[in-house]
Amino acid sequence: MCGILGQVNYQATVEPQVFKAMLKTLVHRGPDGEGLYYSSDGCVALGHQRLSIIDLSEKGKQPMTNEDNTVWVTFNGEIYNFKELRKVLEGKGHQFRSQTDTEVIIHGYEEWGLDCVDHFRGMFAFGIWDSTEKRLFLARDPFGIKPLYYYQDPEHFIFASELKAIISCSDVRGEINVGALCDYFYYRYIPSPKSIWKDIHKLPPASTLVHQNGQT
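Residues numbered from 1 in each chain as written. Predicted model: local features only at pLDDT ≥ 70, side-chain atom pairs only at ≥ 80, totals over all residues. Heavy atoms only, no water.

K.L.:
So what about helix α3 (residues 102-112)? Which residues, and what values?
P.N.:
Most of α3 sits out of view: nine of its eleven residues are buried. Among the residues making up α3, those that are buried are Thr102, Glu103, Val104, Ile105, Ile106, His107, Gly108, Tyr109 and Trp112. Tucked inside the fold, the buried residues of α3 contact β4 (64-65), β5 (71-79), α2 (82-91), β6 (122-130) and β7 (135-140). (Buried < 20%, exposed > 50% of the residue type's maximum accessible area, 1.4 Å probe, protein only. Helix = DSSP H or I, 4+ residues; strand = E, 2+ residues; numbered from the N terminus. Contact = heavy atoms within 4.5 Å.)

Right, dumping it as structure tokens:
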């Protein structure tokens with residue numbers, strides 16, 4: 001279990017102190033380390049609370065990037081077939097710097113684009129920032145084992161492993177979703193893509209999301 005967090009701003013830069021405070025709400029998901037990435041223009045941030053399982057070295061730290069720092073990923077979960085995929089990707093010329101399954105996601109995205117998730121077997125939730133395309137790509141595993149929530153308003157797009165990370169952002173209005181509350185009392189849970197908070201959605205299992213140029 002790890003904690004992932006990301007924010008894309010359309011106008012102002014991401015406030016580092018606020019973003020770090022948001023990430024701290026996920027520390028229980030990954031007490032072994034904290035990682036942060038900010039884009040050169042300051043409008044994109046990725047965060048990761050690490051629970052070290054595969055490749056315990058610093059090389060396995062996230063957010064993780066490709067060779068030229070154009071693709072970044074923050075990832076929660078495990079890719080079961082990462083060793084097989086690594087061999088395939090190495091055969092296509094990709095160079096690996098760690099022994100972790102996280103890096104397979106990066107090179108898989110470089111090789112197969114948005115279809116990379118079709119190659120992954122495992123339980124996962126991840127966010128990829130492609131700085132060349134100015135594109136954020138989110139994905140969740142087929143059974144929805146790993147959680148992933150997102151929020152969008154005219155100024156921000158935020159995603160996280162847990163609701164409280166998003167709600168802790170001072171720019172996010174915490175308003176109860178009455179329809180979701182009714183669903184909870186009726187079904188004893190809240191079906192995707194709703195969450196208990198208005199305007200915060202749960203990415204359904206076996207789903208991907210592309211956010212680019214302010215559009216989702």
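Once the structure has been displayed, the description carries forward.
K.L.:
Tell me about the pairing of strand β11 (residues 208-212), and name the residues and values.
P.N.:
Because side chains alternate across β11, one face comprises the buried residues Leu209 and His211, and the other comprises Thr208, Val210 and Gln212, none of which is buried. Both β7 and β11 contribute to a ladder of five bridges, which runs antiparallel. Bridging from a neighbouring strand, Phe137 pairs with Val210 of β11. (Pairing = 2+ DSSP bridges.)

K.L.:
How would you explain the environment of Val14 if you had to name every residue and give the values?
P.N.:
Topologically, Val14 is positioned in the loop between β1 (3-9) and α1 (16-24). What makes Val14 buried here is its relative accessible area of 5%. Linking Val14 and Cys43, residues 29 residues apart in sequence, is a C-alpha distance of 5.4 Å. In this structure, Val14 is in contact with Gln7, Asn9, Phe19, Tyr38, Gly42, Cys43, Val44 and Ala45, ignoring residues within four places of it in sequence.

K.L.:
Any details on the nonpolar core? Residues and values, ideally.
P.N.:
Core analysis: the largest hydrophobic core is formed by 22 residues, its most contacted members being Phe120 and Phe126. Secondary-structure elements contributing two or more residues to this core are β5, α2, α3, β6 and β7. Ranked by the residues each element gives to this core, the list is headed by α3, at five residues. Non-local contacts of Phe120, meaning those with residues more than four positions away in its chain, are made with Ile79, Asn81, Leu85, Val104, Ile105 and Phe126. Counting residues in hydrophobic clusters, the runner-up holds 17 residues, among them Leu26, Tyr149, Tyr151 and Ile166. (Core = buried A, V, L, I, M, F, W, Y, C linked by side-chain atoms within 4.5 Å.)

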